[in-house]
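Chain residues, written in single-letter form:
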Amino acid sequence: MHYLVGDLGHLFVITALITALLSAFAYLKASVITDLGKREGWLWNGKVSFFIHAASVLGICIVLFVIISNHYFEYHYAYNYSDRKLPTYYLISTFWNGQEGSFLLWMFWHAILGIILIVTNKFWEAPVMTVFCLVQAFLASMILGVVIPGLEFKIGSSPFILLRDAMPEAPIFKAQPEFIPTDGQGLNPLLQNYWMVIHPPTLFLGFALTVIPFSYCIAGLWLKKFSDWIRPALPWTLVGCGVLGLGILMGGYWAYETLNFGGYWNWDPVENAVYVPWLIMVASLHTMITYKNSETALKASIILVISVFIAILYSTFLTRSGILGESSVHSFTDLGLSGQLLLYLMFFLAGAVIISIIRWKNIPSTEKEASVYSREFWIFIGATTLCLMGFQVLSGTSIPVVNAVTGWFGIDKKLAPPTDAVAFYSKFQIWFAIAVGILSAVGQFFWWKKVDRKVLMNQLFVPAIAALLVSLLVVNLLRVFNLSYALLMLAGFFTVFANGKILYGLLKASPSLSGGAIAHMGVGLMLIGIMFSAGYSKVVSLNNTGLQISKEFSDEFNRDNLMLFVHEPRTMWGFEIEYLGERFEPRHHTGFISKSDVIQTEDKNIVVAKRPMKVGSKNYDSNDTIDVHGENTYYEIELRKGNRKYRLFPRAQINPEMGGLVVSPDIYRSVSADLYTHVSSVMDPSEEHDWSELEEIKVKQEQDFFANDYVGVLESIERIHNILGVELTDQDVAVKATIRLRGEKGDYIAEPVFLIRDKMVGRIPDEVSDLGIRVTLMNIHPETNEFSLGISTRQKDWVVIKAMEKPYINVLWIGTLILMVGFGVAMSRRIREFKKMKAKGLEV
C-alpha cells in the first residue's frame, strides 16, 4: 500500500486551502489599509501565500498523476478511471475524468492566472486578488474531503481517498483490508478520444478566465472606481470569450465524432450549462467595448460581468450536484457536494448583489438617449438578444432545479423537461440567431459614432443586395423552402457580405482592427452551416427491401436502418456499400485486424495471429501475439462508386454498465456533405449461433472441398505441443489442421485441433465468422492418408447501420475556424494596447 503519496496529496490540499485563505486575508488588509509601509507588508504576505498556494496546487496535480500513471489501484480515483492498458495520453485525460480531478484542473488554471495577475497589474493587485483568492479557496474546499463531526456535513471529495474507504461495505476489504486490485475499471470508452485530451483543459481555462473580469468588477465597485476597471478587464474578457468558445466548439466536434445522436449539438443540459455563460460573456464583451469607446452601458457591463461568473457557478451546481438526474447523458453523479456547491453559488451571488445595490446610485450613467443610428443602440440590442437567447435555454435547463426547490417547500411541481429538446430549443433559438446575424451586419457599420441614415443605407445596400441574390439562388438550387431556414441563411450571408466589405476597407487602412469583422464573418458562415447540416440532415440508410429487420424494433427503426450481411453488396447514397466484417484495433499502432485472422484468448486484449499479416506499418508472423483494444469492435464497410473506394470503421461496444450497446460513428467526408454512419444493432457475441447439422467429409492434404458454397483446401497438418497457452505432455497428442477457405474478398484460415489427452479424444473447432462456417477436425485416417472434417454453417455475420447525410457541414467548420481567427486578431490587438498603456504607467 502506497500510503505516503496519498498523505502527501492530502497535505498539499490542506496547504492549498489555508494559503488561499491567508492570501485573501492579506490582500484584503492591503486593500483597506492606508499606511503605505504596512500596505507593502501585507502585499508581500499576500504574494508569498499565493505563490505557496500555487506550488501546492502543482503538488496536488503531480501526486495525483503519480498515482494514476503508476497504477496505484488502492486509491479510488485511479481504480475508478484508469487501467494498465491505457496509453499515456489517455492516462492524462483520466486526470480530469472525475469531479475531483476537474475541480483540480480548474484550480490549476486559476493558480497560473493568479500569478499572471500579480505580475502584470500592480495597482489592482490587492482588491482583485482578494476576490480571486476567495474563489480559489472555495475551489480548494471542493477537494478537501473531510466530514465535520456531529454535523455529518461533508466538505469536498478527496481524490486521494483509498478504495477501501470509498467502498467500506465491500466483502473483500472486510476480509483483506490491504487488498489491492490488479487492474482498474478503465476510462469510459466514449472518452477515449483525442478531443478529450484537449477539450476539458480548454473548457476549464475558459471557466477560470471568467473570474478575472468578475474580480475586477467587484474590486471597482468596492474601491468606488466604477469605470476604471473596464480597461484592465476588457482584454481578459476577450480572451475568455475566445477560449471558452473554443472549448465549446471542441466539445461539439467531439460529440460529432464520438456520440451517435447524429450531430454536434443535442441541447443536453450540460451543453446548455456552458453555452449560456458564453452567450452572456459575449454580450458583456460588447457592452464593455461600448463603454470604453463612448462611456455608455457601464451599468449593463457590471450586471453582465457579474452574471457571467454566477452563470458559471450555476452551471457547476447543475452538472455536479446530481440534480439533473437522468435528464443529462453526461452530468456528474452526486458526491454529496450539492449543499457545498449551493453555498458556493449563493455566497458570491449575494456578495455581488449586495455590493452592487450599495454602489448603484453612485455608478455614473449617461443621460443622453442612444440614437437608433448609433452603434451604442445596436450593441445594446445585440447584447439584449444574446441574453434572451441564454434565458430561453436556461429556463428549460433549470426545470429539474425548479422541481427540487419547490419540493423543499412542500410543493410537488413535477415539471417535465422537454421530451424533444432539439425541437424545443431550436424553434426559439433560430429566430434569435436570425436577429444576431442581422445585428452582426448592421452594427459593424457605425464605428462608435452616430451615422446618417442615408450613409447607412448606402453602406448596407451592396451587402444586402448581394446576400438577397445569393440566398435566392441557393433557395432555388438547393430547394430551401422552409421560411425560418431561408431567413437564417439570408442573415448569415448578410453578415458575411457586410463584414467582408468592412474587412476589405480595414485591411487597407488598419489590419489590427479587423478582428471583429473576421469574427462576425465566422458567425455568418456558422449560421449557414448549421442551417444546412442540421436543418437538411436526412437519413440515407433507408430499408427499401420491404422486410422488417426485426419485429422487436419500432417502425421508425425498421425504416431508417439498413441490415448488411458480410460480402452482400447493397446500394446507398449513390454508392455500392458492402460490409466486410468485424475488426480489432491494435493497441500500439494504426490499422485494423480482421477477427477471422486471429485467435482470441482468455484475455480479451490479446489475440494470436493465425497467419502472416501486415497491419498498418507492422508485420506479424503466424502465432505472434497482438495487443488490441478488446472491448471495441469495428465494423468495416466499403463504399464504392466507379473506381473510387472508401472505408468506414464505425465502432461498437457491448457495455452493460452503460446501457448495453455503446457506439461511435465513422464519417466519410466530401466537399459538399458528410456521410455520418453508426452501428444500430450488432450480433451479440454471448449468444449461441443457430448452427446447421454437422456434415462430415473426408479429404486429403491439398485436396479442394466445398463448404457453404465456398471452396476450401486442407493445406497442412502438424503436431502441436501447446494449446491456448497450455503445455501438453509427451503422452498427449494434438494435431492442428490448416485449412484455407476462399471468400469473396480474400482467403480465410481455419485451424481446428484434434486432441488425445488422458486417453480421451477432444476436438477444438475453428470458426470463420465472416463466412458463417465452423470447421472441426473429426478424425485422422493414417491408413488412407485422409482426414475427416466436420462442416457446420450458420447465417452470415451481419450488422445494422444508420447513415445520415450532413450537407455543407464544412461551411460550419470553416466558420468556426474564422471565428477563432477573429478572436485571435482581436486578442493580439488588446494585448498590444495593454502593453503600451502599461509602459505609459496607466495600468499600474
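Everything numeric here is computed off the predicted structure, so don't read it as measured data.

1. Here we look at the packing of aromatic side chains
Inspection of every chain in the model, using the stated rule, returns 49 aromatic pairs. With a centroid separation of 6.3 Å and 50° between ring planes, the pair formed by Tyr253 and Tyr256 is classed as tilted. Remark: Tyr256 and Tyr253 occur in helix 10 (residues 230–258); sequence separation between them is three residues, near one turn of the helix. Owing to a relative accessible area of 16%, Tyr253 belongs among the buried residues under this scheme. Aromatic rings pair up to connect Tyr194, Trp195, Tyr253, Tyr256, Tyr264, Tyr676 and Trp813 into one cluster. The residue whose ring lies beneath Lys806 is Tyr676, and the NZ or CZ to ring-centre distance is 5.8 Å.

2. Brief notes about the pattern of salt bridges
Applying the stated criterion across every chain yields a total of 28 salt bridges. Across the pair Lys595 and Glu582 runs a salt bridge whose closest N-O atoms are separated by 3.3 Å. Of this pair, Lys595 sits in the loop between strand 7 (593–594) and strand 8 (598–600) while Glu582 sits in strand 6 (residues 575–584), placing them 13 residues apart in sequence. For Lys595, a relative accessible area of 15% puts it in the buried group. Residue classification places Glu582 among the buried positions, given a relative accessible area of 12%. Beyond isolated ion pairs, a larger network of salt bridges with shared partners links Glu576, Glu578, Arg583, Glu636, Glu638, Arg640, Arg647, Lys745 and Asp770.

3. Some remarks on empty space enclosed by the protein
This model, assessed by the stated rule, comprises two cavities of 30 Å³ or more. Of the volumes computed, that of the second largest cavity is approximately 30 Å³. Around the second largest cavity sit Thr210, Pro213, Phe214, Thr237, Met281, Ser284, Val305 and Val308, which together line it. If you list the elements that add at least two residues to the lining of the second largest cavity, you get helix 9 (195–222), helix 11 (269–294) and helix 12 (298–320). Counting residues per element, the lining of the second largest cavity draws most heavily on helix 9, at three residues. Its residues placed into classes, the lining of the second largest cavity shows five nonpolar, three polar and no charged.

4. Digging into the sheet that holds strand 28 (residues 766–768)
Strands belonging to one sheet form pairs held by backbone hydrogen bonds; the direction of such a pair is parallel or antiparallel. Here we have four strands laid out as an open sheet, ordered 19-30-29-28, and antiparallel in their pairing. Every other strand in the sheet has two partners, leaving strand 19 (695–700) and strand 28 as the edge strands with one partner each. Within the sheet, the average angular offset between the axes of one strand and its neighbour, ignoring direction, is 30°. Bridging between strand 29 (residues 773–781) and strand 30 (residues 786–793) involves eight bridges; their strand directions are antiparallel. Residue pairing in the sheet places Thr776 in a bridge with Gly790 of strand 30.

5. Structural notes on the pairing of strand 18 (residues 673–682)
With 10 of 10 residues buried, strand 18 lies mostly within the body of the structure. Inspection of the sheet shows strand 17 (residues 666–669) paired to strand 18 by four bridges, in the antiparallel sense. Its bridge partner being in strand 18, Arg669 is matched across the sheet by Asp674. In sequence, strand 17 turns back onto strand 18 through a hairpin of three residues. Pairing analysis gives nine bridges linking strand 18 to strand 31 (residues 798–807), with the strands arranged antiparallel. In the sheet register, Ala673 faces strand 31, and the bridge partner there is Pro807.

6. Focus: the side chain of Gln444
Along the chain, Gln444 turns up in the loop between helix 16 (421–442) and helix 17 (453–478). Separated by 3.3 Å, the side chains of Gln444 and Asn499 make a polar contact. Each residue touching Gln444, except ones within four places of it in the same chain, is listed here: Arg375, Asn499, Ile502, Gly516, Ala517 and His520.

7. Notes on the nonpolar core
Core analysis: the largest hydrophobic core is formed by 157 residues, its most contacted members being Ile212, Tyr216, Trp229 and Phe348. Sort the elements by how many residues they give to this core and helix 9 lands first, with 17 residues. Residue contributions to this core reach at least three from each of two domains, namely domain 1 (1–187) and domain 2 (197–255 + 267–416). If we skip the residues at most four places from it in the chain, Phe348 touches Leu134, Val135, Phe138, Phe214, Phe309, Ile310 and Leu313.

8. Here's the deal with the environment of Asp83
Secondary-structure assignment places Asp83 in the loop between helix 3 (76–81) and helix 4 (88–94). Separated by 12 residues in sequence, Asp83 and His71 place their C-alpha atoms 7.1 Å apart. In contact with Asp83, other than residues within four places in its own chain, are His71, Phe73, Leu91, Asp183, Gly184, Gly186 and Leu187. Of the polar contacts made by the side chain of Asp83, one reaches the backbone nitrogen of Leu86; its length is 3.1 Å.

9. Concerning the packing of helix 18 (residues 483–509) against helix 19 (residues 515–535)
For the pair helix 18 and helix 19, the least separation of the axes is 8 Å and the interaxial angle reads 160°. As judged from the angle between their axes, helix 18 and helix 19 are roughly antiparallel. The interaxial crossing formed by helix 18 with helix 19 has left-handed handedness. Within the contact between the two elements, helix 18 uses Tyr485, Leu488, Met489, Gly492, Phe493, Thr495, Val496, Asn499, Gly500, Ile502, Leu503 and Leu506 and helix 19 uses Gly516, Ala517, Ile518, His520, Met521, Gly524, Leu525, Leu527, Ile528, Met531, Phe532 and Gly535. Split by residue class, the contact of helix 18 with helix 19 holds 16 nonpolar, eight polar and no charged.

Criteria and cut-off values
Residues numbered from 1 in each chain as written. Predicted model: local features only at pLDDT ≥ 70, side-chain atom pairs only at ≥ 80, totals over all residues. Heavy atoms only, no water. Phe/Tyr/Trp six-rings, centres within 6.5 Å; stacked < 30°, edge-to-face > 60°. Helix = DSSP H or I, 4+ residues; strand = E, 2+ residues; numbered from the N terminus. Buried < 20%, exposed > 50% of the residue type's maximum accessible area, 1.4 Å probe, protein only. Lys NZ or Arg CZ within 6 Å of the ring centre and 35° of its normal. Salt bridge = Lys/Arg side-chain N within 4 Å of Asp/Glu carboxyl O. 1 Å grid on protein atoms, 1.4 Å probe; cavity = no way out; pocket = protein on both sides within 12 Å on 5 of 7 lines; lining within 4 Å. Points joined across faces, edges and corners; volume = space filled by probe spheres on them. Nonpolar A, V, L, I, M, F, W, Y, C, P; charged D, E, K, R; others polar. Pairing = 2+ DSSP bridges. Axes fitted to C-alpha atoms, helices over the stretch in contact; angles between N-to-C directions. Polar contact = N/O pair within 3.5 Å; in protein donor to acceptor, adjacent residues only side chain to side chain. Contact = heavy atoms within 4.5 Å. Core = buried A, V, L, I, M, F, W, Y, C linked by side-chain atoms within 4.5 Å. Domains from an automatic or database assignment. Parallel < 35°, antiparallel > 145°, perpendicular 65-115°, else oblique. Left-handed = near helix turned anticlockwise from the far one by under 90°.

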